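Take a look at the letters that make up each chain.
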Amino acid sequence: MRKLIIIFILFFAYNAKGQSLNDYYTIAAENNPELKAKYKEFEAAMQKIPQVSSLPDPNLSMGYFISPVETRLGPQNVRLSLSQMFPWFGTLKAQKNAATLLAESKYQAFLNAKNQLFSQVAAVYYPLYELHGLKEIEQENIKILESYKNIANAKFENGKGSLVDVLRVDIMIKDAQTNLEILNKKEPALTSWFNSILNRKYDEKIVVSKKIETIELPIEYRKDSIATNPILQELELKKQASEATIEVARKQGLPKLGVGLDYVFVGNGMNNFPDSGKDVIMPMVTVSLPIFRKKYDAAVTEAKLMQESYAFQKEAYENKLNGTYYKLVFELQKERDLLKLYEGQVITLSKSLSLLFAYYSNANKDFEEVLRMQQELLKYQKMQLSSISTFYIKLAELDYLTAKQF
């Protein structure tokens, strides 16, 4: 296979499509409550950083001797104690690194939710485009069939045509009118669905683009961008956070140091010693003894296992992304081929129909064939429109996989 295969894709005069669809992307990003919730999770995770990177609060205690302790210098009445514990060197930094990485992973989860939201917007936007196009096709079909009916009526009244021709075209008109009525009923459902994603009033008007052009796209479209997929980035950050957590667990298994100061208020004694009644100041040093090692060893093992888990999850998801990428590329190629077929069939049938109708007008023959070919043309026009919608939905899915920024 050639390195580059040119895929023929349908494209809204890119600025036109981009502006219209990007406007809805912006509205969805600003209004969608699920996306807002993801961003709040990120903001909440950011607040964890100062919590784990700060020293524990100092302890201040006061004791009052109900029965004063008599000493040589006098009775001890009140004791004040102030102490501060310090984790082992580097513990706070390690905890801050772990919390920062987890917060960054929450931001990647937010980005993934945003990209997924944009894909959902496109998945409803293009069916709306298809619906509007189908309505126009049916309306045009009804006009053409009514013109056929007028001609058939005229020929029948002049004795040159059959009543069967009139009835046959009348049946087709009723079919087209029913199809149009169904499409009109379907539009509010799609509109309310679309507005629900945008978090707007269900009946708010949706404007879709009409003009479509074509561009060329290489088959390796954004292939290298798979590595930037937010879920992959999220799993990588969680893996790094687990590695930082290993360091945290090891640091927490080391002694904690503390310093403190005791101040004792001493009353005047009955003896006349030089330091009688002098208050006592006593500096203190505290060291914790982490001798129960099981919990610290288990914390290290837990972090290592989670690190391995995230590595496997990332590998599995990367494989899934690559497989889905090539599946979508195939589906885009398939739609390209179908669109090429439909365009050719529409052109050929339009020319054939014009010739056949002219023959019927002059020779009063083959009216049934005229109607059959009109329906054939209608079928390919609808299939062409459906293929356009499918193509762009698949392209939106591909943009989601490759984390395209809008």
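Residues numbered from 1 in each chain as written. Predicted model: local features only at pLDDT ≥ 70, side-chain atom pairs only at ≥ 80, totals over all residues. Heavy atoms only, no water.

1. A look at the sheet that holds strand β6 (residues 280-287)
The sheet built from four strands is open, its strands ordered β2-β3-β5-β6 with antiparallel pairing. Each having just a single partner strand, β2 (59-70) and β6 make up the two edges of the open sheet. This sheet shows a mean twist of 20° between the axes of neighbouring strands, independent of strand direction. (Pairing = 2+ DSSP bridges. Helix = DSSP H or I, 4+ residues; strand = E, 2+ residues; numbered from the N terminus. Axes fitted to C-alpha atoms, helices over the stretch in contact; angles between N-to-C directions.)

2. Quick word on the pattern of salt bridges
Taken as a whole and judged by the stated rule, the model has 16 salt bridges. Ionic pairing is found between Glu187 and Lys135, a salt bridge with its closest N-O pair at 2.7 Å. Placement of the pair is Glu187 in helix α5 (residues 163-198) and Lys135 in helix α4 (residues 91-157), with a sequence separation of 52 residues. Between Glu331 and Lys327 there is a salt bridge, with the nearest N and O atoms lying 2.9 Å from each other. With Glu331 and Lys327 both in helix α7 (residues 294-363), this residue pair falls four residues apart, about one helical turn. With relative accessibility at 46%, the residue Lys327 sits in the partly exposed group. Put simply, Lys149, Asp170 and Lys174 are held in one network by salt bridges that share partners. (Salt bridge = Lys/Arg side-chain N within 4 Å of Asp/Glu carboxyl O. Buried < 20%, exposed > 50% of the residue type's maximum accessible area, 1.4 Å probe, protein only.)

3. Regarding the confidence of the model for the protein chain
Within the protein chain, residue pLDDT values average 86, and 88% of them lie at 70 or more. Predicted confidence in the protein chain is weakest over strand β1 (residues 6-11), with a mean pLDDT of 38, and strongest over helix α2 (residues 33-46), with 96. pLDDT under 50 marks residues 1-19. Its contacts with residues more than four places away, or in other chains, come to 62 contacts. (pLDDT = per-residue confidence, 0-100. Contact = heavy atoms within 4.5 Å.)

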